[in-house]
Amino acid sequence: MTITSESVSTVSARVDGTEIEIPEGATVLDACRQAGADIPTLCYGPTMTAANACRVCVVEIEGSRTLVPSCSRKLEDGMEITTGSDRARHSRRLVMELLGSASELDRAGERLDRWMTEAGAQPERFGAPGPESPREAPAPGHHHPADPKFAATVAEPAKVEDDLYVRDYGRCILCYRCVDACGVEHQNTFAIAVAGRGFDARISTEFDVILPDSACVYCGNCIAVCPTGALAGKIEWDMREAGTWDESSQEVTRTVCSYCGVGCNLDLHTQDGRIVSVTSPHDHDVTLGNLCIKGRFGWMYVSSGRGV
Ligand code: SF4
Ligand code: SF4
Ligand code: FES
């Protein structure tokens, strides 16, 4: 949620015994984070309506029979929240293990690594897709080779269809953030949607056409919200494949897009003096991290003389 100076009403709750007070409209997750509890999240994004898809953020709330997804539950006055009970920890660990067994989460970032380590998650218990696992598409009617029972994604080779971005659905956890970003939440282009059912559910363009033939306008706003690296800029994807992507050595420089008068903020990510990706700050109340094709990808001329 966005906490503004006009937020005057507050609610009080207890998180793991700590009394907190927070502006009305906050979620249970907001309260947990204010209390210092590091709750894992995957499908939750700060600029999007909670999709409630992954359930990796569950906590216990006194009086509630079931575990509660903290990212979507509105905080109520007097709530007693427990984040570290055996039941909640067990459930979060299991979700991480099942997602990790069905999708390659190696690009989901340091935060997920930390959460999985802290939880003691072992996706290999269910047949994690490791580096040696086959990446090619399964035979028709079959699913992920690792363990069909728990497959959450359809295994398929990465879709490299243009110079701008890559769709690598072997890393997809079906959180629907990209679909919502492309649709009603941000872009209203509706170039991608969920296709298939059950184990065959996957993100696809209409009639599964290649992206350049779809309604996609290459805003890259789906890349900005994908939590796993299933969607990535082509340069980032190439560098990760080559093992040269090194986020720790990258600098981020805030500037203003020069293409039009809207004035979107751009964060230029540079590595070894080269722009390797462009994002936009999620906490900007005009753009919410969104850009158009010019802001997201229109900087490649800067490196064009270097053959990249
Ligand atoms: S790049 Fe933009 S238009 Fe294309 S699929 Fe992603 S959100 Fe939709
Ligand atoms: S491609 Fe990324 S954002 Fe889209 S559903 Fe898969 S994991 Fe979520
Ligand atoms: S992060 Fe809360 S349900 Fe996914």
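For the structure itself, consult the block above.
Residues numbered from 1 in each chain as written. Chains lettered and ligands numbered in written order. Predicted model: local features only at pLDDT ≥ 70, side-chain atom pairs only at ≥ 80, totals over all residues.

A. Representation of the overall build of the protein chain. When helices and strands are tallied, the protein chain shows seven helices and 13 strands. For the protein chain, buried positions account for 39% of its 308 residues. Sequence separation of at least 24 residues holds for 55% of the intrachain contacts in the protein chain that already meet a minimum separation of 6. (Helix = DSSP H or I, 4+ residues; strand = E, 2+ residues; numbered from the N terminus. Buried ≥ 20, exposed ≤ 12 C-beta atoms within 10 Å, placed from the backbone. Contact = placed C-beta atoms within 7 Å.)

B. Representation of the pairing of strand β11 (residues 251-256). The element β11 is barely covered by neighbouring structure, given that only zero of its six residues are classed as buried. Note: β11 against strand β12 (residues 265-271), six bridges, orientation antiparallel. Residue pairing across strands places Val-256 opposite Asn-265, the latter belonging to β12. (Pairing = 2+ DSSP bridges.)

C. Examining the site of ligand 1 more closely. Taken together, 13 residues sit near ligand 1, with Cys-182, Ala-191, Cys-216, Cys-219 and Cys-222 positioned nearest. Of all the secondary-structure elements, those providing two or more residues to the shell around ligand 1 are α4 (177-182) and α5 (221-225). (Near = placed C-beta within 6 Å.)

D. Focus on the environment of Ile-192. Looking at where Ile-192 falls in the secondary structure, it is placed in strand β8 (residues 192-195). Sequence separation between Ile-192 and Ser-214 is 22 residues, and the spatial gap between their C-alpha atoms is 8.5 Å. Apart from residues no more than four positions distant in its own chain, Ile-192 is found in contact with Cys-178, Val-179, Cys-182, Ile-203, Ser-204, Thr-205 and Cys-222.

E. Representation of the site of ligand 2 in the model. Near ligand 2 there are 14 residues, and of these Cys-172, Cys-175, Cys-178, Cys-226 and Ala-230 occur at the shortest range. Here the residues of the shell around ligand 2 sort into twelve nonpolar, one polar and one charged. (Nonpolar A, V, L, I, M, F, W, Y, C, P; charged D, E, K, R; others polar.)

F. Representation of the sheet that holds strand β4 (residues 68-69) within the structure. Taking strand neighbours across the sheet as the criterion, the five strands line up as β2-β1-β5-β3-β4 in an open arrangement whose pairing is mixed. This sheet does not close on itself; its edge strands, each paired only once, are β2 (18-23) and β4. The strands that helix α2 (residues 86-102) touches are β3 (58-61) and β5 (79-82); relative to β3, the one it contacts most, it runs at about 160°. (Axes fitted to C-alpha atoms, helices over the stretch in contact; angles between N-to-C directions.)

G. Representation of the sheet that holds strand β10 (residues 231-233) in the model. Taken in spatial order, the three strands make up an open sheet running β6-β7-β10, and their pairing is antiparallel. The open sheet has two edge strands, β6 (159-160) and β10, and neither has a second partner. Bridge count between strand β7 (residues 165-167) and β10: three bridges; the pairing is antiparallel. Directly across from Tyr-165, in β10, lies its bridge partner Gly-233. On the sheet, helix α6 (residues 234-242) packs against β7 and β10 and is oriented at approximately 100° with respect to β10.

H. Structural detail: the nonpolar core. With 60 residues, the main nonpolar core has Ala-31, Ile-81, Cys-178 and Cys-222 as its most contacted residues. Among the elements that line this core, the one with the most residues is α2, at six residues. Residue assignment places this core across two domains, with domain 1 (10-84) and domain 2 (158-306) each supplying three or more. What Ile-81 contacts, discounting residues up to four positions off in sequence, is Ala-13, Arg-14, Val-15, Val-28, Ala-31, Cys-32, Val-59 and Ile-61. By size, the runner-up hydrophobic cluster in this structure holds seven residues, among which are Cys-219, Cys-264, Leu-266 and Val-278. (Core = buried A, V, L, I, M, F, W, Y, C linked by C-beta atoms within 7 Å. Domains from an automatic or database assignment.)

I. Spotlight on the packing of α2 against helix α3 (residues 110-119). Running from N to C, α2 and α3 point in directions that differ by 125°, and their axes come no closer than 10 Å. Regarding the angle of α2 to α3, the classification is oblique. Between α2 and α3 the crossing geometry is left-handed. Contacts from Arg-89, Arg-92, Arg-93, Met-96 and Gly-100 of α2 reach α3 at Trp-115, Met-116 and Ala-119. (Parallel < 35°, antiparallel > 145°, perpendicular 65-115°, else oblique. Left-handed = near helix turned anticlockwise from the far one by under 90°.)

J. Structural context of α2. With 17 residues, α2 extends 24 Å between its outermost C-alpha atoms, agreeing within 8% with the 24 Å of an ideal straight helix rising 1.5 Å per residue. Considered for burial, the residues of α2 that qualify are Ala-88, Arg-92, Val-95, Met-96, Glu-97, Leu-98, Leu-99, Gly-100, Ser-101 and Ala-102. (Expected span 1.5 Å × (residues − 1).)

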